[in-house]
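Descriptive structure summary
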Amino acid sequence: MGKVIVRGVVKRKPGYLYYVDGKGHVCEAKMARGGKRKKKAVKKKPKKKVVKKKKPAKKKKKRR
């Protein structure tokens, strides 16, 4: 884990990641996710399947 040297020097923005680079500068990078609250997802109603009725099979005629 890193060590906290000074607090409150950098004003932090939501959705950004802060780190110290190799030269000792404090850098910020936008996070791939986070920072904003997501809207409540609306559930989609499943579509009803249309079932086609099959015609009854024709009866075969008996041969004599």
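These numbers were taken from a predicted model, which means no experiment stands behind them.

With that settled, the discussion passes to the overall build of the protein. Helix and strand counts for the protein come out as zero helices and two strands. The C-alpha atoms of the protein give 33 Å as radius of gyration, which overshoots the globular expectation for 64 residues (11 Å, by more than 25%). Here the C-alpha coordinates of the protein stretch approximately 105 × 25 × 20 Å along the principal axes. Every one of the 64 residues in the protein was classed for burial, and the buried ones make up 5%. Of the accessible surface of the protein, which amounts to about 8,700 Å², a share of 56% is contributed by carbon and sulfur atoms.

The next point concerns the pattern of salt bridges. Per the stated rule, a full pass over the model turns up one salt bridge. The partner of glutamate 28 in a salt bridge is lysine 13, and the shortest N-O contact between them spans 3.6 Å. Of this pair, glutamate 28 sits in strand β2 (residues 26–30) while lysine 13 sits in the segment before β1 (16–20), and the two are 15 residues apart along the sequence. Look at glutamate 28 and you get partly exposed, because its relative accessible area is 37%.

Two faces belong to every sheet, and in a regular strand the side chains alternate between them. In the sheet, β1 pairs with β2 via five bridges, with the strands oriented antiparallel. Bridging from a neighbouring strand, tyrosine 19 pairs with cysteine 27 of β2. Count of turn residues in the β1/β2 antiparallel hairpin: five residues, of which glycine 24 carries a positive phi of about 95°.

Each aromatic ring pair is characterised by the separation of its centres together with the angle its planes make. The final tally for this structure, using the stated rule, is zero aromatic pairs. Lying across the ring of tyrosine 16, lysine 13 places its NZ or CZ 5.4 Å from the centre.

Cut-offs and rules
- Residues numbered from 1 in each chain as written.
- Predicted model: local features only at pLDDT ≥ 70, side-chain atom pairs only at ≥ 80, totals over all residues.
- Heavy atoms only, no water.
- Helix = DSSP H or I, 4+ residues; strand = E, 2+ residues; numbered from the N terminus.
- Rg over C-alpha atoms; globule rule 2.2 N^0.38 Å.
- Buried < 20%, exposed > 50% of the residue type's maximum accessible area, 1.4 Å probe, protein only.
- Areas by Shrake-Rupley, 256 points an atom, 1.4 Å probe, with all protein chains shown as cover.
- Salt bridge = Lys/Arg side-chain N within 4 Å of Asp/Glu carboxyl O.
- Pairing = 2+ DSSP bridges.
- Phe/Tyr/Trp six-rings, centres within 6.5 Å; stacked < 30°, edge-to-face > 60°.
- Lys NZ or Arg CZ within 6 Å of the ring centre and 35° of its normal.

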